[in-house]
Amino acid sequence: MTEIRIAKESDLPRILELYHELSMTTTGVEQHLSTSFDDYRKVFTEICSDPRRELLVAEYQGEVVGTVALFIMPSLSHSANPYALVENLIVNLKYRRKGIGKKLMEYTIARAKQERCHRIELCSDKRRREAHRLYRSVGFEASAYGFRIWF
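Residues numbered from 1 in each chain as written. Predicted model: local features only at pLDDT ≥ 70, side-chain atom pairs only at ≥ 80, totals over all residues. Heavy atoms only, no water.

Moving on, we get to the sheet that holds strand 2 (residues 53-60). The five strands lie next to each other as 1-2-3-4-5, forming an open sheet whose pairing is mixed. The outermost strands of the open sheet, each flanked by one partner alone, are strand 1 (2-6) and strand 5 (120-122). Strand-to-strand twist of the sheet, defined as the mean angle between neighbouring strand axes without regard to direction, takes the value 25 degrees. Examined bridge by bridge, strand 4 (residues 83-91) and strand 5 share three bridges and lie parallel to one another. (Pairing = 2+ DSSP bridges. Helix = DSSP H or I, 4+ residues; strand = E, 2+ residues; numbered from the N terminus. Axes fitted to C-alpha atoms, helices over the stretch in contact; angles between N-to-C directions.)

In structure tokens, the structure reads:
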């Protein structure tokens, strides 16, 4: 059975491994090879201290096999209701097609509704077709163009 929960500091090494797997499927380049574990720990602490952010993990048979980040963003539009952003969804290749990504996405959708968000959105690399099928299966529609500048 898969458990979705808030990440703990002890999950950080595994989350970073998953992010490496994600970077191989998107940019293809690890951008910050000189980042120390202490730097990551500091950012993890910052994320955890922000009530608008949730870093989630999926645990399957005692192992962290997936992660996603959820941001609840205040907004002056849409009757001052917030919106939600989903970032960095990744499930370890070995555990895909077991419903784990779907559970992570369903959790983020439920949290966004709980926080009265007027929408939830995400961006996904055009090449991640399997991820796109997942997003559509939980109700997302490709409804906008996404634009990025990578530094």
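Here the narrative resumes.
Attention shifts here to the environment of Glu 121. Relative to the helices and strands, Glu 121 resides in strand 5. Exposure remark for Glu 121: the relative accessible area of 30% places this residue in the partly exposed category. For the pair formed by Glu 121 and Tyr 83, sequence separation is 38 residues and the distance between their alpha carbons is 8.0 Å. Excluding residues within four positions of it along the chain, Glu 121 makes contact with Ala 84, Leu 85, Val 86 and Phe 140. (Buried < 20%, exposed > 50% of the residue type's maximum accessible area, 1.4 Å probe, protein only. Contact = heavy atoms within 4.5 Å.)

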